[in-house]
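Summary of the model geometry
Residues per chain, in single letters:
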Amino acid sequence: MPAVKTVAAALRRQASRKGVIAFLVFLLALAVPLVSAGLFGTASLPLDAGRAAAMVGELEILEDGMALRLDSKGAALLRFDLNGEDPTRLPFFRFELAENAAVNRLLFFGRSVSSAEPFTLGVAEGTGARAVAPYFGGDGRWTSDVIELFVGIEGRPGASIRIDRATLGGATPASWLGNLRWGLAKPEQWTLRSVNVAVPGNLDLVFLGPVAALSLLVAGLSVPVLFAAFAARASALPVLALIFLAGWLVLDLTWFRQQLHNAHAGVVAATMHEKRLGLPLDHATALSRFAGRVDDAVPAGASQRILVGSADEFRGMRAAYHLYPRNVYWERGRELPSPAYLKKGDFLLIVRPSRHSVQGGVLRHPDWEQPGPRVRAVLADEPGTLLVVR
Amino acid sequence: MAVFTCLLLTMPLLSGVLFSVFLLRQPLWPPRPHVIGYGLLTGMFLASLSLRLLDLSGVPLTVVPALVLNAALLLTVVVLVRRHQSAAVAKEPPVAASRAGRGQKALALILLLLAALHLLLATTDALVRPLFGWDATMHWATKAKVWFDQAQIVEFVSNEAWLERGPAPNLFTDHHPAYPPTVPLLQVWMALSVGFWSETIVNWPWPLFGVALALIFYGESRELGASALCASVFTYLLISLPLVTAHIAMAGYADLPLATCYLAALLCTARGIQTRDARRVGQGLFFAIMCTQLKNEGFFWALTLLPAAMVLLMPFRTLLVTLLIGLGGVIVSLLILPADVTVAGHSLQGLELAYRDGAASALLIPFQRGTWNLLGLLVLLVPLALALSRGEDRLLLAVSVAIGSAVSLYLILFTMTRFAYGAIHLSASSRIALHLMPGLALLCLLAWLQICRWSGERTRAPGAGPGPACAPEVSDSGKQGPIEARRQKG
């Protein structure tokens, strides 16, 4: 590519000086708003024994950290006192756990002088990393009025977790990179949201996301290239294209990792028999097996109606799906239809959780103005109950 | 059974490819990538249409009638291709000759391999993972399961109608009973081919849509005059967009099929009009109609082809006047039509027009999170290219108008209607944006080619250094790509 060579040569010669100056000016222009926002600073605030307390769970202060025991429901809530500090200068949180296998999710809340109730700062799902490093300054709630930080921990009931470090810090290259690295996280299994927001990670709590960081880098590197190309009267396009492509490839690597993780998980997770028949591998497996039993219990016939109701939309929908090609009814946003529509001989599948109950052989629902039809239980198991209208 | 499976799977695809060869006046060998891409797409649609035809005729949806119909179709297409083959091929201008160095060839190959790897990983995922997505199991595969089981396209009605009409053998319901039937029919086609319902085998069409998308994009990029490297780069950029491969891996949604179909409709219509090729325009119309048969939004995307066609057909002043009259007509229609009139599943009343706070900023989140990688940066090329071309590059202008209209509709949908919920809660906005992304990638490619042409002219000035290696390639006839070759011939 002659144009690439020409521009590279120009970068090395006189033109490169102007280019480097322009690049530095570009960086300076980026830094000004950060400095003016007071984000730069190496100050840090250790959230140690003097500031920490457990609202839920048991906290033990150790010489070099803290030990936290989750309660019987697998929850703990830590409160950190920020009184006397300006949180806006300390938007980066670092929470290091010695052993975090028992932790599924971390929830961050703040409370300000003016608000009685805590407000949500963010949620870190599937915390596989040992160090959790969220940035709280993203949505404007992390103001100088904040006086308390809460960390909710969800995990294995009764598990003991050792916390090596809990610190709030200012913006330094290390905190930016630590926050970005944590935000990118490790690959995750597909979720129901993946068809709309495909990229995994805790990017809501990241200061400078990978796209923004790479966009700035691409734009920044383009400045000296443009200067060099202008000086050499050569086309800058090939070099700009290469810079852009390199940025794209860097982001694409994380996507490859995600795809590889999921393809591998799909391949190794099932036996050949399961793959051929396409038995569900997801968390609805128990539901699909129960639906299979319901299918066996309901008499055949295309006019035989099965009405599915659940307070959990996903479970209700998925149970109904597994029952097709039977003549199935499931409605989004409500459980079973009003009693007037329930006919004798209809089968009713109540999927847990549900607000329906059977009292004295009569089906009821708190929203129904009148009692429902008389029903008989046909099948009952952990996922739900199959009833038939008498 | 294995023979039936192979025949039923391959015959519609083969018909599609041969039909595409006929329409594009291409030689059978060596096959051009976009011809195969259009062929796969056409073949899948033919498979779904043949099932609809069987059902309309009262014939059950079973293997033997489907085989007979598809065999007849294949035979017809074979006869058509044999009759028209020799005369048609000679008219096609030669593909641009490659002047790439070894480094460029290697880079192009690496990028194509990366795109292929993305497709391979997604395909693996689709073929080992049962139907998974919410909508896939809420209203797409529900119909497919019933139609396959009943061997006919039985009626699906709303929840209320189902309750009111009481028990009936051929009356079913799901969450979106009125959605177009193509996607469930593709799943029925798969199930019919293997003889049983499989939660993974019914996913096969989605990898095929991915492959068709890549082939159409690469092949048409070359036809538009892009070098092999340039075409490879843009094909890789498109296929590596996370949501493209995510929709193959988590098959079962109509969004990727619609995205591929809209790109095909846009390319065929625009290039058909530009080259005065009625067959290609017809092919574009077919894909535009199929857009409406995939998802309700397809109707609105198909409408965006109208202004694009006008850009290519009309002189600038007439175009401006017509567009203004058209816009006025749309506004007047919106004002005078009753609010409960439903068009493609939507009524004004149902849309609840009003700006929703937070929706506009929520639309940026997928871009910030990398759902579209760095495509947001690439789009900046478009205004630059439009300014440089000053309206002379009519194809660039036409595609800009089509995509611009579609993006405007998209923005209205997700900021001014009740669907803003889907943007604010990140549950639908990116899926719908996916419909337009291949078109947007095409627009970026056209913009890049325009900028390269401008840069080439600038750097060829006396005393200037070497021009860009990425500039549009020169064909054997010494002119730029085939379109330019045709234009100059004309």
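What comes next concerns the included structure.

Conventions used here
- Residues numbered from 1 in each chain as written.
- Chains lettered and ligands numbered in written order.
- Predicted model: local features only at pLDDT ≥ 70, side-chain atom pairs only at ≥ 80, totals over all residues.
- Heavy atoms only, no water.
- Helix = DSSP H or I, 4+ residues; strand = E, 2+ residues; numbered from the N terminus.
- Buried < 20%, exposed > 50% of the residue type's maximum accessible area, 1.4 Å probe, protein only.
- Contact = heavy atoms within 4.5 Å.
- Areas by Shrake-Rupley, 256 points an atom, 1.4 Å probe, with all protein chains shown as cover.
- Pairing = 2+ DSSP bridges.
- Axes fitted to C-alpha atoms, helices over the stretch in contact; angles between N-to-C directions.
- Buried area = accessible area lost by both parts, 1.4 Å probe.
- Salt bridge = Lys/Arg side-chain N within 4 Å of Asp/Glu carboxyl O.
- Expected span 1.5 Å × (residues − 1).
- Bend = angle between axes of the 7 residues up to and from the residue.
- Phe/Tyr/Trp six-rings, centres within 6.5 Å; stacked < 30°, edge-to-face > 60°.
- Disulfide = S-S within 2.5 Å.
- 1 Å grid on protein atoms, 1.4 Å probe; cavity = no way out; pocket = protein on both sides within 12 Å on 5 of 7 lines; lining within 4 Å.
- Points joined across faces, edges and corners; volume = space filled by probe spheres on them.
- Nonpolar A, V, L, I, M, F, W, Y, C, P; charged D, E, K, R; others polar.
- Parallel < 35°, antiparallel > 145°, perpendicular 65-115°, else oblique.
- Left-handed = near helix turned anticlockwise from the far one by under 90°.
- Polar contact = N/O pair within 3.5 Å; in protein donor to acceptor, adjacent residues only side chain to side chain.

A word on the overall build of chain A
When helices and strands are tallied, chain A shows eight helices and 18 strands. When the 390 residues of chain A are sorted by exposure, 48% land in the buried category. Here the analysis covers contacts within chain A between residues at least 6 apart in sequence; of these, 71% occur between residues at least 24 apart. Approximately 18200 Å² of chain A is accessible, and the part contributed by carbon and sulfur atoms is 58%.

Some details on the sheet that holds strand S8 (residues 119-125) of chain A
Residue and element names in this part refer to chain A. Read from one edge to the other, the open sheet built from five strands follows the order S2-S5-S10-S7-S8, with strand pairing classed as antiparallel. In this open sheet, the two strands that pair with only one neighbour each are strand S2 (52-56) and S8. Adjacent strand axes in the sheet meet at a mean angle of 20°, parallel and antiparallel pairs treated alike. By the bridge criterion, seven bridges tie strand S5 (residues 75-81) to strand S10 (residues 146-155) in an arrangement that is antiparallel. Its bridge partner lying in S10, Leu77 is registered against Gly152.

A closer look at the interface of chain A and chain B
Taken residue by residue, the interface counts 76 residues in chain A and 94 residues in chain B. Across the chain A/chain B interface, buried area totals approximately 7200 Å², and carbon plus sulfur atoms make up 67% of it. Across the chain A-chain B interface, the total number found is zero salt bridges. The set of elements that each furnish at least two residues to the side of chain A that touches chain B consists of helix H1 (2-12), helix H4 (210-232), helix H5 (237-269), helix H6 (272-277), strand S12 (305-310), helix H8 (313-323) and strand S13 (327-330) of chain A. For the side of chain A that touches chain B, the element with the most residues is H5(A), which contributes 19 residues.

Regarding the pattern of salt bridges
Counted under the stated rule, the structure contains 25 salt bridges over all chains. Of the charged contacts, one joins A:Arg355 and A:Asp367 as a salt bridge, the two residues approaching to 3.4 Å between their closest N and O atoms. A residue pair is termed long-range when its members are at least 10 positions apart, and A:Arg355 in the loop between strand S14 (347-351) and strand S15 (357-359) and A:Asp367 in the loop between strand S16 (362-364) and strand S17 (375-381) qualify at twelve residues. Judged by its relative accessible area of 54%, A:Asp367 is exposed. Among the charged side chains, a network of salt bridges with common partners joins B:Asp135, B:Asp255, B:Lys295 and B:Arg431.

Regarding the sheet that holds strand S18 (residues 384-389) of chain A
Pairing between sheet strands relies on hydrogen bonds along the backbone, with the strands arranged either parallel or antiparallel. Residue and element names in this part refer to chain A. Here we have five strands laid out as an open sheet, ordered S13-S12-S14-S18-S17, and mixed in their pairing. If you trace the sheet from one side to the other, it starts and ends with S13 and S17, each paired once. For this sheet, the mean inter-axis angle between neighbouring strands, taken without regard to orientation, is 20°. Helix H7 (residues 285-297) rests against S14, S17 and S18 of the sheet, and its axis sits at about 140° to S17. Strands S12, S13 and S14 of the sheet are contacted by H8, whose axis makes an angle of about 160° with S12.

Some points on helix H1 (residues 2-23) of chain B
All names here are of chain B. The end-to-end C-alpha separation of H1 is 32 Å, in line with the 32 Å expected for 22 residues at 1.5 Å each. The largest bend in H1 is about 30°, located at Thr10, with the proline Pro12 one to four residues further on. Positioned one or two residues after H1, Arg25 has a phi angle of 55°, which is positive.

With respect to the packing of aromatic side chains
Summed over all chains, the structure comprises 25 aromatic pairs over all chains. Between the aromatic rings of A:Tyr329 and B:Trp162, the centroid separation amounts to 5.4 Å while the plane-to-plane angle is 25°, which identifies the pairing as stacked. Of this pair, A:Tyr329 sits in strand S13 while B:Trp162 sits in helix H6 (residues 159-165), which puts the two residues in different chains. With a relative accessible area of 0%, A:Tyr329 lands in the buried category.

Quick notes on the state of the cysteines
Counted according to the given criterion, the structure contains zero disulfides over all chains. A disulfide-free cysteine, B:Cys444 has its sulfur positioned 11 Å from the sulfur of B:Cys230, the nearest such atom.

As for the layout of surface pockets
All names here are of chain B. Volume-wise, the largest pocket comes out at about 1400 Å³. Lining the largest pocket are 36 residues, and of these Phe300, Leu303, Val330, Leu334 and Leu409 sit closest to its centre. Secondary-structure elements contributing two or more residues to the lining of the largest pocket are helix H13 (297-303), helix H14 (305-313), helix H15 (316-336), strand S4 (346-347), helix H16 (348-351) and helix H20 (394-416). Classifying every residue of the lining of the largest pocket by side-chain character gives 25 nonpolar, ten polar and one charged.

Let's talk about the packing of helix H5 (residues 134-150) of chain B against helix H7 (residues 182-194) of chain B
Residues and elements named next belong to chain B. The geometry of H5 relative to H7 is characterised by a closest axis approach of 8 Å and an angle of 45° between their N-to-C directions. With respect to H7, the element H5 is oriented oblique. Note on packing geometry: the crossing formed by H5 with H7 is right-handed. Where H5 abuts H7, its residues Trp140, Ala141, Lys143, Ala144, Trp147 and Phe148 lie against Val183, Pro184, Leu185, Gln187, Val188, Ala191 and Leu192.

Side note on the side chain of B:Thr42
Residue and element names in this part refer to chain B. Note on placement: Thr42 falls in helix H2 (residues 33-56). A relative accessible area of 4% places Thr42 in the buried class. At a separation of 2.6 Å, a polar atom in the side chain of Thr42 contacts the main-chain carbonyl oxygen of Tyr38. Excluding residues within four positions of it along the chain, Thr42 makes contact with Gly16, Phe19, Phe286 and Phe287.

A word on the pairing of strand S6 (residues 92-97) of chain A
Residues and elements named next belong to chain A. Of all six residues in S6, five are buried; the element is thus mostly enclosed. Where S6 meets strand S11 (residues 160-169), six bridges bridge the pair, whose relative direction is antiparallel. Residue pairing for S11: Phe92 is matched across the bridge by Gly169. Relative to strand S9 (residues 131-132), S6 runs antiparallel, the two being bridged by two bridges. The residue of S9 that forms the bridge with Phe95 is Val132.

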